[in-house]
Amino acid sequence: MSQPVHIWFEETQEDGEVVRRLVCESVVGPGAPRLDLWWRIPGIPSLPTPPVLDSLLGGPLLWAAMSGQDVVVHGPVSRGGLYNLSQLIEVRQRLSPERYPRVIELRPDSIREVARDDHEPSKAIAAMSGGLDSTFTAVRHGLNLAGEATIPIEAIVMIHGFDASLDRVDQFDAMRRRAEPTIKLLKVPFYVVRTNSKLDGRTWPHSAIPLTVGALSHFGHLAPIALVSSGAPYGIPRFGISHPTVIESLASGDWFRVVTDGSGFGRAEKVETLAPYAAILATIKVCWEGDDPGKNCGECQKCVMTRLNFLAAGMRDAPCFDTPLSPELIAGLSMPSTSAVRDLFRTCWNELEARNCSGPEVDLLRRRLSRVPPDVAVVWKRWLPRPAKQFIKRALAWASVSRC
Amino acid sequence: MPSTSYSATPPPWKLALEPQSDARLEAVLTRPGSQPVHTWFECLGRRLLPPEELDPFIAAVLPMPLRAEGAVHVAGTLTREVVRNLIDASEGWEDWNVDRYTALRISADRIIDPPVPTFSRRAAFAWSGSLRSTHTLVRHYARSVPGGVQVGRIVHVIGLQGYARTISADAIAAEVNKHAERLGATVACVVTNAREIGLVEAEIGVLPVVAAALHLTATDLKLAFHARRWPFSAQLRYPRPEPAFPDVFCGSRMLIRADGGATTPTQMVREVYEHAPFLLAAISGCSERPRFTAPCGDCSGCIITLLAFAAAGTAHPALPLPTVIDVERLQWSDPIVAAEATEIASDWSTAGSRVHQALRRRVERDRANAGSVEVRRWLASATGLGPIWPR
């Protein structure tokens, strides 16, 4: 068994901004033997020190779990935080044993009892990336569209170091500029957190929510809730790769807890909710592949899938893309096997089908999806001789045509 | 599609507490044009105090308005947390099956918003007698889970499993008490009519009722645990919305937390054997007879329990050893049975026995079958004879 990783918390002020660090020692793997995870909060010279370290530990814990190292924390952790983080590791290891070889142990120096003020209302610090999900969540709660389920938003935080890497300041600035209309509409304070806590992205996307909560937790003195948008809808509860709500909630502690929003909505429903706010819809940024960091390229898988969500909501010409959806874009989608297109099927096709959408794009998508081979057939295909492959292809085409 | 406006046409449901008797807490759910639904809870040997907030009752009746569309108004007080959580859950159920469930709008005469409780040192534990709930209880009792808490109370809801009506509730309560004494915990055995009036349905399960019982019997502890019904391995094979929910029965006065779900049945038996062997005899997965009575030994729940014990290298004190025929009788169409049997086959202490070999063959057959089903569906989809696949 490997030696444990030791983690210390440090807090300083550099260039007029708060800088917080987790110093990790005895690390095995990239960056060994010492790693510094830092968070910088531009424009904020001082912040109250968090009473417990729960929220900062989710990311490093997953990362230590990849090398099978236990974690010793030289600082306080809440009882609820310790339980949740330990469960997080247990569940992740069960779901992805190839990635996390064993259930590692988290050993804090001390367990501290923390409680919020009895009169503090349940407000939230919301994460904003500018994508469809986070914009929906911010608008839904910021404008009280969720009725009795609304959580008032105390502040919005955008994180530099996740979607936009730290060296792409231009990309992050473009992302922030695009989100400005939303932030103005909501009229809440806006903060930026810069962080290297994603490291080399080895634990992404498993660590996406724990790391987001870590960034939001610097404002935990303002509100007890970290409001984050959902990854996987409840209607398509995938557990393998993504970050379902049940696991995301394990990034909670007794001081600062996670509320995941929007899991009961499909992406087309989110577009429909935002439809009355045309200026907001135009700001949505889903693309991370195009050359221009300020725009959606409109052609990558994520862009085309989002265009299909807009189409399901009745918008062929979505305001956040420069051109309307066309069949050529559907033809360009990669569909090698069922597991590769499952997201496309569940988040796009289901919604198009449920709304009886029609048109050349929908027809083409139907034709292409109906022929996607199962994973097992992809494996067999490698061993089949070319004539056999051609025969199967023709037979399927013939059967399909004769049915029509 | 989850509703965000308040323009629904059906009249709202109304939930109100009924005048209380000494023994029972009762609430009634009414709607113009529908029969009133009376639901009650009773704790054997102990008087339940009327709750200040109606969180337990809104949790218990959740399945009814969820299936019947509309809004619910509570004549009384709710906590903000339970309102948010149950609205979220209802949106999830609707997203899962829009033809069967409807997102709810929940309101109340008064909604209070105190801070959510933090983890206390002691907690209540729902104990159905299943291997999963016994394991949850034991791993906290033995403090083998980091951040684990002391077992302060054991809560058993009588009559949620099994169909035999000849056994008295008092006899079951005596049996629960006998085991709980050794854990040093107090017991609350709860009787309810929830199952008789249709509040327990197959897909949603018993959790709303169990959560209500925990709310009613453990307010002083502010923290309660229940075992996850749906193991994560089953979720990988057959996704369902409920296992993806966070702890949606938490209120602002009380946390109701799901525990476990990541341990194989074999490992669960090993841990119970190590830390609390006196509980082994109480374990039952029987779906035919009430828990804490003799299991039937024939149903898939019993066979899975037998196999888990055999895989851990021990025998269930009240059941015979499993046979190859038992393996063949497993209801593989039940996702939990299939997932747990697969886990047991891969975690067998002394591999190579006839039963183990039979179980492994059954698992292999299941895998091959899954592959051929996938190919058949693809062929049907590609030729236009069936719906589009992948699903």
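Cut-off values and rules
Residues numbered from 1 in each chain as written. Chains lettered and ligands numbered in written order. Predicted model: local features only at pLDDT ≥ 70, side-chain atom pairs only at ≥ 80, totals over all residues. Helix = DSSP H or I, 4+ residues; strand = E, 2+ residues; numbered from the N terminus. Rg over C-alpha atoms; globule rule 2.2 N^0.38 Å. Buried ≥ 20, exposed ≤ 12 C-beta atoms within 10 Å, placed from the backbone. Contact = placed C-beta atoms within 7 Å. Pairing = 2+ DSSP bridges. Axes fitted to C-alpha atoms, helices over the stretch in contact; angles between N-to-C directions. Core = buried A, V, L, I, M, F, W, Y, C linked by C-beta atoms within 7 Å. Domains from an automatic or database assignment. Nonpolar A, V, L, I, M, F, W, Y, C, P; charged D, E, K, R; others polar.

## Concerning the overall build of chain A
Thinking step 1. Check the secondary structure of chain A and you find 14 helices and 10 strands.
Thinking step 2. Compactness check: chain A gives a C-alpha radius of gyration of 23 Å against a globular reference of 22 Å for 404 residues, within 12% of the reference.
Thinking step 3. Referenced to the eigenvectors of the C-alpha coordinate spread, the extents of chain A come out at roughly 70 × 50 × 40 Å.
Thinking step 4. Each of the 404 residues in chain A was classed as buried or not, and the buried ones make up 50%.
Thinking step 5. Taking the contacts inside chain A whose residues are at least 6 apart along the sequence as the reference set, 75% of them involve residues at least 24 apart.

## Notes on the sheet that holds strand E7 (residues 153-160) of chain A
Residue and element names in this part refer to chain A.
Thinking step 1. One open sheet holds the 10 strands; their spatial order is E5-E4-E1-E2-E3-E8-E7-E6-E9-E10, and the pairing between them is mixed. Of all strands in the sheet, those bounded by a partner on one side alone are strand E5 (106-111) and strand E10 (257-261). Between one strand and the next, the sheet's axes are offset by a mean angle of 30°, whatever the strand orientation.
Thinking step 2. The strands touched by helix H1 (residues 54-66) within the sheet are strand E1 (5-14), strand E2 (17-25), strand E3 (34-41), strand E4 (71-77) and E5, with E4 carrying the most contacts at an inclination of about 175°.

## A look at the sheet that holds strand E6 (residues 122-126) of chain B
All names here are of chain B.
Thinking step 1. With mixed pairing, 10 strands are arranged side by side in an open sheet as E5-E4-E1-E2-E3-E8-E7-E6-E9-E10. Either end of the sheet is taken by a strand with one partner, and the two such strands are strand E5 (105-112) and strand E10 (255-259). Between one strand and the next, the sheet's axes are offset by a mean angle of 25°, whatever the strand orientation.
Thinking step 2. Taken together, the 5 bridges between E6 and strand E7 (residues 150-158) define a ladder with parallel strand orientation.

## Some words on the interface of chain B and chain A
Thinking step 1. Taken together, the 52 residues of chain B in the interface contact 64 residues of chain A.
Thinking step 2. At the level of secondary structure, the elements contributing two or more residues to the side of chain B that touches chain A comprise helix H3 (80-96), E5, helix H7 (232-237) and helix H12 (354-382) of chain B.
Thinking step 3. In terms of residue count, H3(B) provides more of the side of chain B that touches chain A than any other element does, 10 residues in total.

## Topic: the nonpolar core
Thinking step 1. Ranked by internal contacts, the top residues of the largest apolar core, which has 229 residues, are A:Val157, B:Ile58, B:Phe125, B:Val155 and B:Ala224.
Thinking step 2. Sorting elements by how many residues they give to this core places helix H9 (residues 300-311) of chain B first, with 9 residues.
Thinking step 3. Those residues within four positions of B:Ala224 in sequence are excluded, and the remaining contacts are B:Ala123, B:Ala124, B:Phe125, B:Ala126, B:Leu214, B:Ala218, B:Met254 and B:Ile256.

## Focus: the domain arrangement of chain A
All names here are of chain A.
Thinking step 1. Assigned domains within chain A: domain 1 (5-111), domain 2 (124-261) and domain 3 (267-403).
Thinking step 2. Placing a centre on the C-alpha atoms of domain 2 and another on those of domain 3 gives a separation of 26 Å.
Thinking step 3. Mapped onto the side of domain 2 that touches domain 3, the elements with two or more residues apiece are helix H3 (132-142) and helix H4 (169-186).
Thinking step 4. Across the side of domain 2 that touches domain 3, the residue classes tally to 10 nonpolar, 5 polar and 7 charged.

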